[in-house]
Every structure is written in C-alpha cells, then in structure tokens.
There are 6 protein chains.
Amino acid sequence: MYQLGIVKRNFVRADRAAVDKLAGFGTATIHEAMGRVGLMQPHMRPIYAGAHLAGTAVTVLLHPGDNWMMHVAAEQLREGDVVVAACTAENTDGFFGDLLATSFRARGAKGLVIDGGCRDVKDLAAMQFPVWSRAISAKGTIKATLGSVNVRIICAGAEVNPGDVIVADDDGVVVVPAAMAMQVADAAAAREALEADKRAKLASGVLGLDMYAMRGPLEKAGLKYID
Amino acid sequence: MYQLGIVKRNFVRADRAAVDKLAGFGTATIHEAMGRVGLMQPHMRPIYAGAHLAGTAVTVLLHPGDNWMMHVAAEQLREGDVVVAACTAENTDGFFGDLLATSFRARGAKGLVIDGGCRDVKDLAAMQFPVWSRAISAKGTIKATLGSVNVRIICAGAEVNPGDVIVADDDGVVVVPAAMAMQVADAAAAREALEADKRAKLASGVLGLDMYAMRGPLEKAGLKYID
Amino acid sequence: MYQLGIVKRNFVRADRAAVDKLAGFGTATIHEAMGRVGLMQPHMRPIYAGAHLAGTAVTVLLHPGDNWMMHVAAEQLREGDVVVAACTAENTDGFFGDLLATSFRARGAKGLVIDGGCRDVKDLAAMQFPVWSRAISAKGTIKATLGSVNVRIICAGAEVNPGDVIVADDDGVVVVPAAMAMQVADAAAAREALEADKRAKLASGVLGLDMYAMRGPLEKAGLKYID
Amino acid sequence: MYQLGIVKRNFVRADRAAVDKLAGFGTATIHEAMGRVGLMQPHMRPIYAGAHLAGTAVTVLLHPGDNWMMHVAAEQLREGDVVVAACTAENTDGFFGDLLATSFRARGAKGLVIDGGCRDVKDLAAMQFPVWSRAISAKGTIKATLGSVNVRIICAGAEVNPGDVIVADDDGVVVVPAAMAMQVADAAAAREALEADKRAKLASGVLGLDMYAMRGPLEKAGLKYID
Amino acid sequence: MYQLGIVKRNFVRADRAAVDKLAGFGTATIHEAMGRVGLMQPHMRPIYAGAHLAGTAVTVLLHPGDNWMMHVAAEQLREGDVVVAACTAENTDGFFGDLLATSFRARGAKGLVIDGGCRDVKDLAAMQFPVWSRAISAKGTIKATLGSVNVRIICAGAEVNPGDVIVADDDGVVVVPAAMAMQVADAAAAREALEADKRAKLASGVLGLDMYAMRGPLEKAGLKYID
Amino acid sequence: MYQLGIVKRNFVRADRAAVDKLAGFGTATIHEAMGRVGLMQPHMRPIYAGAHLAGTAVTVLLHPGDNWMMHVAAEQLREGDVVVAACTAENTDGFFGDLLATSFRARGAKGLVIDGGCRDVKDLAAMQFPVWSRAISAKGTIKATLGSVNVRIICAGAEVNPGDVIVADDDGVVVVPAAMAMQVADAAAAREALEADKRAKLASGVLGLDMYAMRGPLEKAGLKYID
C-alpha cells in the first residue's frame, strides 16, 4: 500500500558483495534464477544502448507532472544506490534531466529507473548516467505535491522495497529482494555455469530437442510430423 | 480549424537571427523558457540518435496513406525551412523517404517533423537528413486527395503556424511562435546562464533541497521523516 | 487457418537466386514492387540498427509465454532459412535469446522475425544475429504447449507460408510468396533503376510537381493557391 | 499556442440559433458539412450510451492530476455552455465528478468534453449530465497549479476556441468555429435533405455503384472482375 | 497474400445448414471446437450490447481513409452474407454508416465486421444492424483507391476467405473455414452437451480440481500448500 | 515479490462489518478516504454497466494463456470473497467464463477482478456475476503451469494481499488493506457526510471558488483575469 508524505531514512540495504556479484549477470539470467519473477514491464527501456546498472534501491513515489520528491530523495542517497521512481498515474513528463543527474551522482547514485519520462538524454548519455524510463520527453514538471521516499512502491508492475537490488541492462530491469540477494546471485552463477556447456553443444549443431530430451514429451503431447 | 485544398504562398517567417539563436538550446530549455508550453507529444522520435534541427515551419496537412501534399510543399520551401506534417487521422504509413528528402534538401529544407510514418531511414541517416516521426514504416502512400500547405495545423498535439520556429533534438520537438522567437531565445539564454552555476553546486554535493530552499515548503506541506 | 500440433517437413523454398537478388533491395522497394502488399505491421523493429536479412521462411506458431516450438523448428532449418514466429495472442515475453540463436545459426538460419519478445539483445548484437521483434523483454518462457512448425501463419498482420522469402531492414519486414520471388525481384530492379534518374533530377532542384506531372491533376482536384 | 495563468472573461459565443440548428444533426453530418474537418480523436467516448450535447465552448487547460482550473471555469459559464478541457500531458485521472457536475449545471452548463478522466459516472448518468472523456477513473486530483480558462486549446487533436460550437453524440465530438456556425448548420441541413432520398433508393436495392455513378471511375482505375 | 484491384464473383459459400447450426453457439465454444484457433483479436468489439451475427463472408480489402470498395462489395452480397473488411494499415476512420447499412441489408447482408472505424452507431443500433469494429469514429472517408473484394484477407489477425462462416457475439468474432463448417458445428454441439453436466456439478459445489482430476497433476508439478 | 507454486490456506480476512460498511461507498470516495492511494489502473473495466462488488480478496497469480490456478483458487474461497487475479505478463486471453463463475459462486465468491481477459460476458451479465477485467476475449486458455494462490500480487498496478477488501464499481477498483478496513470505512463515511452539504450549496449556484476559498490562493499563484 502506498503511503504519501513520508521519507524513510533508515532501512537495510542489500549486502554490497551480493550486489557486486549480481552486477555480473544479465537481467534474464537473474530473473530465471529467482524463479521467473521480479521483472519490470518491458516498456522500461534504457535511454542509450549498452547502459548497465546494479545497485540498491532508494524508492520515490511521484505524482504526474511533479518531481518534487526527486530532490527529497537526493538527500537519502548513499554510494551505490539506484533511484527507483514510480508515479501514481501513467505519465510521460520529463521528471529527470542533467541537473538532477549531476546531483544524484554527486550523492553516490549509479543511475535511475523511472516509470515516467526522462529528458536531456543526450547529456545523460555523454555523462554515462544510465536511465531506464517509460518515455523520453522534454516536458518539465512542477514541485507542488508530496509523494514519498523509501516506501514500498510498485514500479512498472514490480514491487520495489528500499534496499532491494536493482539490475538493469538492454533487456530490462529486474528487482531482487535485499534478503535474497546472495542466494539469487549464487543461483545465477550456477545457471550461467551450465549455459557455457549448452552453448558449445548447440554451436556444434546438437539440437535442443536432444539436449533437453524433448522428443518424448513432444510425442506424448501429440505432435505430428507430416510431409 | 483545418482548411483543405489550400496552399498559402506568403507568410512571415520567424527572424533568422532568432532561429539561429534558438538553435543553440535544447528543446527542454526552450519549452521551459516559453512557460512550459509548445511541445509536441513524446511519441515523436528522431529516426537516428543525435539528430538536431532548427528552422522555420512550412506546414502540411495530409490524409492517411496519401502524401500528395508533400510534393506541393516542396515548391514552397525556402532555405532554412522545416517541413511539419500532420495527418487528419492517426496513421503510420511511410509518407516520406529518400527521394523526397533529396528534393526537400535541394529546395533548402533542413529536416522534417511528421506525425506519421517515415521510410528509407538508413538512407536518411546516411544523408544526415533529420526526421522526427510517429513511426518507421516501409509502407508506401498514394497521391489522390487534397490536403493543404501552410495552413495552421495541429501536429502531435501542438499548434503549428507557417513560419513558426521548430527546434527538435533527442528530447522531442518544440514549436516557438514566429512573433515570440527572439523573446524566447533570450529567455532560454537567461535560463541556461543560471544552469551552469546550479550544475556546479549540485556537482559539489549541494542538495536541491537547500539550493532551491525547499525544506520549508516541504515541512509546511506536511512531509514527515521517519526512521 | 492455423493448425496446432503439426510439423511440416517438406515444402518448396523460394529459389535461391531470387532470394539473393531480393537481398539487394530495401523492404520499401520490394513492397512497392509487389503492388504495395506483403508488409508486416510497423511494431516489428530490429533489435539493433543496421540489421539486414533475406532468406526463406521456416514458420513457427507459438502460444503466449511458451517457446517449445522454437526448438522443434531448429531441426527443420536449412542453410539460408529465416525463422518467422507468430503467437496465438499478443505477447511480449522473451521467447528467444542467445542460446537459441547459437542453435539456429548452427543449423543454417540467418535470423529471426518474431511477433513477440526477444532477450539477450546485447549478445545477439555482438553475434550479429539479426532479429525483428514486437518487444525486448528479459522474461523467460516455458515449454508446455504444442504449436506448429511450417504451417501458414499470420505474423504481425502478414500471411507467411513456409518457403516464402523474408526481407527485413531498418524500415521493417516484407514477405514475398515463394512462387513470385523472381518476378518481384525483377520488378524491384526495374523500379530501382528508375529511381537513380529521379534522384538526380530532384537533387538538381526539379520539383516532383513537374517531374510527375502533378500540376494538372492538382488543379483539377481543386487546389487553390492563396497569398 | 497555449497560455498559462489566464482567464478570459469576454469572448463572442456562437449564435444561439445556429447552436440550436446544429443540435439537430449528428457529428458525422456536421463534420462532413464542414469539409471533413473539426473532429476530435476517437478515444473521446461518452460515459453513457445515448448521450447528446450541443453548446458553446468554455475552454479549460489543465495540468496532469490537477483540476483547479475547473473551479475557475465554473464562474465563467453561461446558460448553454459546454466545458471543454484539455491537459498539458496525456492523463487519465478523474478530474471531474458529480460535485463539479452539480456546480456546472447550476451555472448553466449542458455537459463536459475532457481529454482526461471522469469519475462518478453512475451518478452522472443518473443526473443525465453528458460527458465525453478519454477515460473513466476514480483517481482524485489536486488543486495546485495554474492552467487557463478561455484560451485557445487543443483538445484530443482538435483546436477549440472559446465560443465555438461543440456537438457530441455516440459517434464522437465535433467543433464548429463560432463564425461558421450558421453556415455549417445550413450545409448540414442541405446534406441531410439529400440523404433521405439516397436512403430510400438504397433500401429498395439500388446500388451505390449506380447511384453514385462509380462504375466508370472504378473501371478507369483498373478494377478487374474475375470468376 | 493480398491482391489489389480484384473482385471475385464466384466462390463457394459455407453450407447454409452448417451456418444455421453454428449460429446457435457462442464464439468461445466454436473457437474451442476448432482447436482454439480462428479468433480475431479482442480489439474487435460490437457497437451495441447483445449484438449477435452468423453468416458467410464477403471480404473487402480497404485502404486507410477510403471506403470505395464497400460499394463494390454491396453488389456481391447474397442473402445471409456478412461483410468482413480489413485495411492495409491500422486506421480508425468511419468507413461505414447508416446509408451503407441500408444498402447492405437490402442486398441480404446480416452485418459487418470491420478492422477500422464505424459511425452512425445510434442509427445502426436502432436498425439492429450488428457491427464489430476496431473503433467508433464520425470521420468520413474518400473514394479514390482500389482495394479488392472476395480475396483472402487478414482481418484483426485472422485469415478470412470468402465464403467462410463468421460468428460474432459479445465475446468477439470467430472465423470457421467453409469446408470445416459442419464438422465444427458438430464439435461445438458435442462440447456444449458436456457443459450442461459440468455446470450442474460446479453449481452444486463440486470443485474443478476434482471434476477435472487436477490434484495429481498439480502435485506432480510441485504445487505446495502452506498455512 | 511474487512466489510461484504456492497456495496459502490461512490468512486474516478483513472484518466483515468493515467490508459491509465499505460496500456502501463508491471507489472514488474510498480512494480519497485512504489518502488517494489503492486504486487499480483505469484499464480495469466492468463487463456490464452498473456492476458493483465488495468483498475480501483471494489472490491468484496466473501465467499468460493459462488458467490452471483459477481452479486451485476455487477451493480456497469462503462466503464473501472476491477473486483477484494478476498475470505475469500483459495478456488478454479469456481466463474466465460462465463455468468458473458457477463454481466460484457455489463456493461463496461475489465476483472477480482480473488483469486479463474474460469471456461468456453475456452469460455472466445474465447471472449478475460481476467481473472487472482488462479485456473481453473468447480465447481459451490451457492448464499447464503453476502460478500461486493467496500470495501478495500486483494487479493492474495495485498491491493486493489476501484478505484485503476489494470494492469495485463503474469508476474502477480500489484495494483497502485488511488492517485499515474499518478506519477507511469511517473516513469514507465522514467524507460523504460533508459532500451532501457541498452538493446542496453548489446546486444553489455557490461557486467552488468561494466554497473552498480558492480566490486568494489563485491570486497568489498569479492568475490573471483579462477581457
């Protein structure tokens, strides 16, 4: 449940070692390692190709067309954080630009995930400040209404609690609960270890049908080959 | 109000000096300098990264699937113009490609803004002919129905009159009325002058909360800090 | 009409010479050469800029969130094929990633067209394995339900029969029926031959109004020039 | 061009007799009578079936999530007016409900057209207060930011000036400029007079092909009948 | 593959008895009886609640904003036909209204399915002329470009051949190939016969878990009950 | 965080008296009484006009195109429950129809809220079984993959925990956490008590500008009246 008008100052951030380990995996691998959960919706896209991000969430709840809480969030940042911003209604306004990016970076932030609009994207790319957003829009915002900082939010369909690990890349954004971070990192590593072997086999022409022993189940399901 | 079947030959283009001055600012800055108005909707995207454009509008009103009026518009172009095309219904067909771009450039056009589809985008990128469009689509169009050229149009939610200044970049497209062009350019310059100082402060770790004196208003609005 | 649970092993692929000839033209030219038909809807976008593809279709019918049939399709691939995958309902899940790309390439595939989601796009770009998709999404899929391989499908609004020629570039995806492939290639060549001359004229400042003799038809349609 | 922070008190409303005459025609007929212009986009839908509206526009420019200006507009209403509200960004929040409807009706308003959300739709239907909106949403709005009243706005793709005639029905919303109101009403009447005869002929089995003499043009365009 | 500029006069319509039998089933039942294929996409909605339709398809291929071919189609209608219209690009213009409905009905048509816009919906409801469409829009169309009549079309994602059976209700639109019509009708009848018994059991409180013997498969799949 | 493959049998349902009290208020009032939070996104619409619902949530997490968990949920229902179903990806398939409604009703359910598709809507309306859904679609689903029952879900952008109060009407769907149910009901009652007086004043012609004392704040914000 959203709460408005609140800034939570203390919360447990995911273990740094776990964040660093998770940073080595793609979002697809992490999402699989968690049991196929934790992804944001695919409308969340990086503002430049090749952007990559891993850090601990400082959450922000915004109102449409109002970025006041982004300034409040800046004070709560620590080295290695990622700002994750949701909005109470679907909105594409440009809540974030190069000035806020300068401030966030100075306070330790590694990037932004926002279910809203972003602007100054050329400058942000030049700064290599990674942002995943719903839209790119030059439209400015006001500073008039209280949202919240560091409450649980729902961002692009995913629940985010302050301190959770956020990993984002060209494939999207995944959220790993702080308490599960190392366990998920381990599972991701195990999964990736298996993939190298699979990749080699597939590259040599072995079929997934055989490698995954699918022929029996397919036949049982009734698949028919015709000429 | 749209008018169909009309080509207006004479109209006042915005002052060249004002256009040149506006060309130096981003769309976000210009939109703010105008009092947060004049932006097109964010579905208007450049066909290649880094595209930039500033010029005076020659407007075109199209019907879905019909680009006849684009050829009529070509004759009305002067050095420094930008073609701005709206459609009477939402349509993604490819109204524009490399042949029209060749013609438009030969007649002095600097680029195109179209609330419809564009094709030959690889060639257009190679030509460095900038286009902002609703979609990219190979679908061809016919030449059968009269629209208009140089009437007031509504393009992607923004009113555009012939002669208005169009500035477009990675953040979107903004329209500056011809009569306000120099005044807006001055306001944009003033705004940008202030930003350098702000950026330096923020980069040094000063918070927007303090720089913009937000703590009092936030407290008055009822913001609560909890642990 | 879709058929479920079927894999067709034998069908006539378009003539290789025709495919090679078609590979030299853009999708816009080919679509025009076919009489303005055969395009997929414009939501089908390449996962990296500059992607290009021409080959013969191996078709796949998927269920939302289930990529089992992609593995079945791998076995049916021959050198020069393109996998074309449709889904029984609009779905953006990541049906395809770098492991399947490795397998498809090992079996001779030149790329993928999928009316669904794709993941591992950074890896796919590094492999230069071209994909056109509805979305990019890290979301994994299951292997539980039978679709079909090499039945007639409707992909992004276009009918695709196994063996048809698929050409895809930055402008979109076009489907050429196998039996028409050389005829369309010839028509595309004829069309392109005419364009060089047109381009030169337009570049010299000749107007389309004159080059296409449009002034009479426009006047007859009632176009009025005003000052 | 939008202007913010302004309330225009005096403007010329369309002639009452013209409004009354236009009220007798459907939006499709009026739009055709104006030369196929003046329609809002089709996402504008009535909140209950059978709603009908004709009146003179009082315009409102809103910010996303903020309905402050609706209260300002109430004071500017006269008998026979219709409130037409646009928003500076796409937004579905519930800007309007039964309390504002009660106020608007008490001040003479006949209904509302809003490119945003509406709530209390059951109550509004019971009151028979007609509304055309982009969405239905229970979400409340704040009162914090200045927009404008009675400036020219762009609402759902259509330009609306204060005093223009608004006609809305199950097919959508059409805007008739105040100065053209009687002329359009006359053209609509003429058009409708012709339709009765056409309808009778078509009902008797006469084909449009013959009634509109289309066979020649179709043949000339190359239509081929095959068996 | 679409063909433009063609009217096919002779084709085999589905057996009347099969159409009549299919008319007794809902679209969901028919789609299941066909093996879960044949449905149009869910954006196709009836223009009034309770609309129902069953008949044989006369197909029309339209261009955006152009309804010329609808008049050509009228001549090809026979008693019991349904007009099914697709468009070469996504378009919401009002291709169809009460005059065409009058003509179509006089020629024997039972209704319309159109992947485009419809207008005069109040009149059409009064006439009880059922229409399923992508949109409702007052926007008029022109008559300038050749499409086709009675070629195979793809309408809202479904393949439709002339003579196929079309059944439409509040749940959507389903297409039954002419040659399969009676077989599908029989399968639908068999399916519905089973449902009465199931409904009675479920109404008495029996669980689907038991009725469909799902407990074993769920346990095998790993479902865990926790407290 | 989603969990897959789990059915939680025991949880605390909101107090019955609080549910009954909340049933007396509209979703707009309840959402305001909670501090403007708790609403689902506005794409959630009732399948018939006038539908109303209040009950305690039994939650379901589905996969696209798979309704297996709906049967698992049926067993967990108690008198007065509402099934609330989310999907791991945006999907419009018809997960629910009259058979499941019969079963749910027999087990005590008052209705359904599903961020997916619904079918058999005519039958459901006849049964007066209220459903709010993302779409209406005849498309059937399979039973192959484990989701969960009674875990915390995110449904149409709102967090729902099992036992929460769900109220739904023509304006949308609101979620009240179980622990806050009576407090919110009291706040809603207080709010509604104030509205009767406001409504009477507005009906008599008093302006919101005066009733809410807005003139001062508007002047302070800089609003200008011009003639």
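K.L.:
For this particular structure, what's the right way to read the packing of aromatic side chains?
P.N.:
Scanning all chains against the criterion turns up 12 aromatic pairs over all chains. Ring geometry for Phe-96 of chain C versus Phe-104 of chain C: centroids 5.4 Å apart, planes at 45 degrees, classification tilted. On the basis of relative accessible area, Phe-96 of chain C is assigned to the buried category, the value being 0%. Phe-104 of chain C sits in the buried class, given a relative accessible area of 0%. Three or more aromatic residues link up through ring pairs in this structure, and these residues are Phe-96, Phe-104 and Phe-129 of chain A.

K.L.:
Would you mind showing me how to read the pattern of salt bridges here?
P.N.:
Should their charged atoms come close, side chains of opposite charge can pair. Applying the stated criterion across every chain, the model contains 101 salt bridges over all chains. One salt bridge connects Arg-215 of chain A with Glu-75 of chain C, and the closest N-O pair in it is separated by 2.9 Å. Residue Arg-215 of chain A is located in helix α8 (residues 215-221), and its partner Glu-75 of chain C is located in helix α3 (residues 68-75); the two belong to separate chains. A salt bridge links Lys-139 of chain E to Asp-93 of chain E; the nearest nitrogen and oxygen atoms lie 3.1 Å apart.

K.L.:
How should the interface of chain D and chain B be read in this particular structure?
P.N.:
Note on interface size: it is often stated as the accessible area lost on association of the parts. Facing 14 residues of chain D, the contacting portion of chain B comprises 14 residues. Here chain D and chain B share an interface that buries about 1300 Å² over both sides, 65% of which is from carbon and sulfur atoms. Taken together, the links from chain D to chain B amount to 2 salt bridges. Between Arg-152 of chain B and Glu-159 of chain D there is a salt bridge, with the nearest N and O atoms lying 2.4 Å from each other. Between the two partners, chain D and chain B, sit 2 residue pairs in polar contact (both at pLDDT 80 or more). Residues of the side of chain D that touches chain B, tallied by class, amount to 8 nonpolar, 3 polar and 3 charged.

K.L.:
Before we go on, may I ask you to explain the relation of the copies chain D and chain F in this structure?
P.N.:
The operation relating the two chain copies consists of a rotation about an axis and a shift along that axis. Of the two same-sequence chains, chain D is brought onto chain F (RMSD 0.0 Å, axial shift 0.0 Å) by a rotation of 120 degrees. Taken together, the rotation angle and the small translation identify this as a three-fold axis. Rotation axis and chain D: the residue whose C-alpha lies nearest the axis is Ala-49 of chain D, separated from it by 6.0 Å.

Definitions and limits used
- Residues numbered from 1 in each chain as written.
- Chains lettered and ligands numbered in written order.
- Predicted model: local features only at pLDDT ≥ 70, side-chain atom pairs only at ≥ 80, totals over all residues.
- Heavy atoms only, no water.
- Phe/Tyr/Trp six-rings, centres within 6.5 Å; stacked < 30°, edge-to-face > 60°.
- Buried < 20%, exposed > 50% of the residue type's maximum accessible area, 1.4 Å probe, protein only.
- Salt bridge = Lys/Arg side-chain N within 4 Å of Asp/Glu carboxyl O.
- Helix = DSSP H or I, 4+ residues; strand = E, 2+ residues; numbered from the N terminus.
- Contact = heavy atoms within 4.5 Å.
- Buried area = accessible area lost by both parts, 1.4 Å probe.
- Polar contact = N/O pair within 3.5 Å; in protein donor to acceptor, adjacent residues only side chain to side chain.
- Nonpolar A, V, L, I, M, F, W, Y, C, P; charged D, E, K, R; others polar.
- Least-squares fit on C-alpha atoms with pLDDT ≥ 70 in both.

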